[in-house]
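Next come the chains, spelled out residue by residue.
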There are 2 protein chains.
Amino acid sequence: MPPARGDHDARRRDVSRAVWRVLATRGFGGLTLRAVAAEMQASTGLLTHYFPTKQDLLRTALEVLDQRNQERPRRVAPAEGLAALRAALVDVLPLDPDSAAENRIWVSSWDVALADPELAAAHAERYRRSRLRLTEHVAAAVRRGEVPAGTAVEDLAAAAQAFVLGLVVQALFAPGEFPPERQVALLDGWLAGVAAPGVTWDS
Amino acid sequence: MPPARGDHDARRRDVSRAVWRVLATRGFGGLTLRAVAAEMQASTGLLTHYFPTKQDLLRTALEVLDQRNQERPRRVAPAEGLAALRAALVDVLPLDPDSAAENRIWVSSWDVALADPELAAAHAERYRRSRLRLTEHVAAAVRRGEVPAGTAVEDLAAAAQAFVLGLVVQALFAPGEFPPERQVALLDGWLAGVAAPGVTWDS
């Protein structure tokens, strides 16, 4: 007899939490059925019910990551134009232990994602959507006169995304050299260049 | 009787090449003794002689990566100041299949490196040295008047590194959206902001 629906959902939540804890400590390279089972004090047999293949486990892990990302509290109030762009970028940075853990898992996910065409496509789509949101902020900044007219808004959004992703990687490997205040200062330095009169992103 | 020295070196080269091929196709997540052995058409028993532990295999893989990186032909002639900074950054980008493969392996290495304090420290040191080289180029650019006086050279070098690392990640996931000419154009857009009068990286 299959478990009642409520039991099933509760168990799925337990599984999701265990997957998250394994990812936070060992990354995707350490994500195995055995590790998740140990984290739950359950049998690997139970888990093969949820994850018949390694691919299923990875897909679930990425879903957990998406869900965590959507549910986490945002640091900053919504704004418009350059302020909104800045807020969206600040929000990505590993400025506290929770966001450092989350970023560490995202960076870790790039390895498995690049090794699998389906996961790579899903990741590409995630980053494309993120660039679209940044593009809207840049377009608003141009309309508000905060960024020079003639700016190639999609290029500037792509540059913004590149900048924060690379900053995340640097900060994860060298947290001592990249404390929160320096990360924000570097971002503000980049934004100052973006907003400088006479510099147009018209590549 | 141990093999003659020449045999030993030749075998090590075979092992290194096999490790490289496994990394290029499967990333660090797919790097196992079995995969390397299959690539060499050798037994896993032979390989345990070279790699008693998984940690040894990972360390060797990172050494192979370092060595490949040092040996690969550079695209650009050395220059000074802003031109040297640009050349060093262009050189990182995945502008052809070989550098895409190499970058894919580096990005993949971040997962295992972040999961292991010793490997993480080694990676942090690699990126720190790279930032030092970029800092020298930025300092020369300031001396040559190509970048505003008063620029915080270490911050600008860190920003440069962040920008190209993030651009690499974007280009690997979305090569169609980031063809070589767009990567270079994005980099040049960033450099134009850096060199703009009135924008100083004095965070």
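The residue numbering used here restarts from 1 in each chain and proceeds along that chain's sequence as written. The order in which chains are written sets their letters, starting at A; the order in which ligands are written sets their numbers, starting at 1. At least 70 in pLDDT is required for a residue's local features to be given in this predicted model, at least 80 for side-chain atom pairs to be given and counted, and no such filter applies to totals for whole chains, interfaces and linings, which use all residues. Hydrogens are left out, water is left out, and the side-chain values use all remaining heavy atoms of the structure.

Residue exposure (1.4 Å probe, protein chains only): buried if accessible area is under 20% of the type maximum, exposed if over 50%, otherwise partly exposed. The helix count covers DSSP runs of H or I at least four residues long, the strand count covers runs of E at least two residues long, and both are numbered beginning at the N terminus. Of the positions making up helix H2 (residues 33-40) of chain A, those classed as buried are Ala35(A), Val36(A), Ala37(A) and Met40(A). At the C-terminal side of H2(A), Gln41(A) shows a positive phi close to 50°.

Glancing now at the UniProt feature "DNA-binding region" (unreviewed entry) in chain A. Residues annotated by UniProt as "DNA-binding region" (unreviewed entry) correspond here to residues 32-51 of chain A. In residues 32-51 of chain A, the share of helix is 75% and the share of strand is 0%. The end C-alpha atoms are 10 Å apart. UniProt positions are given in the numbering used here, feature names are shortened, and annotations may be inferred rather than shown by experiment.

Let's shift gears to the UniProt feature "domain: HTH tetR-type" (unreviewed entry) in chain A. When the UniProt feature table is mapped onto this chain numbering, "domain: HTH tetR-type" (unreviewed entry) sits at residues 9-69 of chain A. Taken end to end, residues 9-69 of chain A is 80% helix and 0% strand, and its two terminal C-alpha atoms sit 20 Å from one another.

All names here are of chain A. Assigned domains within chain A: domain 1 (5-61) and domain 2 (73-194). Of note, the centres of domain 1 and domain 2, computed from C-alpha atoms alone, are 29 Å apart. In short, buried area is how much 1.4 Å probe accessible area vanishes from two parts on joining, totalled over both. Surface buried jointly by domain 1 and domain 2 totals about 850 Å² across both partners, of which 65% is contributed by carbon and sulfur atoms. Between Lys or Arg on one side and Asp or Glu on the other, a salt bridge is scored when a side-chain nitrogen of the former is within 4 Å of a carboxyl oxygen of the latter. Summed over the shared surface of domain 1 and domain 2, the number is one salt bridge. Across the salt bridge formed by Arg59 and Glu118, the nearest N and O atoms sit 3.2 Å from each other. Nitrogen and oxygen atoms within 3.5 Å of one another constitute a polar contact, given that in protein one can donate a hydrogen and the other can accept it, and given that sequence-neighbouring residues count only through two side-chain atoms. Taken together, the connections running from domain 1 to domain 2 amount to three residue pairs in polar contact (both at pLDDT 80 or more). Of all the secondary-structure elements, those providing two or more residues to the side of domain 1 that touches domain 2 are helix H1 (5-26) and helix H4 (54-71). The biggest single contributor to the side of domain 1 that touches domain 2 is H1, with five residues. Following the grouping adopted for this structure description, the nonpolar residues are Ala, Val, Leu, Ile, Met, Phe, Trp, Tyr, Cys and Pro, the charged ones are Asp, Glu, Lys and Arg, and the polar ones are all others, Gly among them. Tallied by class, residues from the side of domain 1 that touches domain 2 come to five nonpolar, three polar and two charged. Annotation comment: domain bounds sourced from an automatic or database domain assignment.

The copies were overlaid by least squares, fitting only the C-alpha atoms of residues that reach a pLDDT of 70 or more in each copy. With an RMSD of 0.0 Å, the operation that places chain B on chain A is a rotation of 180° combined with a shift of 0.0 Å along the axis. On the angle and the small slide along the axis, the relation comes out as a two-fold axis. It only takes one pair of heavy atoms within 4.5 Å for two residues to be counted as in contact. Here 100% of the interface residues in chain B have copies in chain A that are interface residues too; the copies meet face to matching face.

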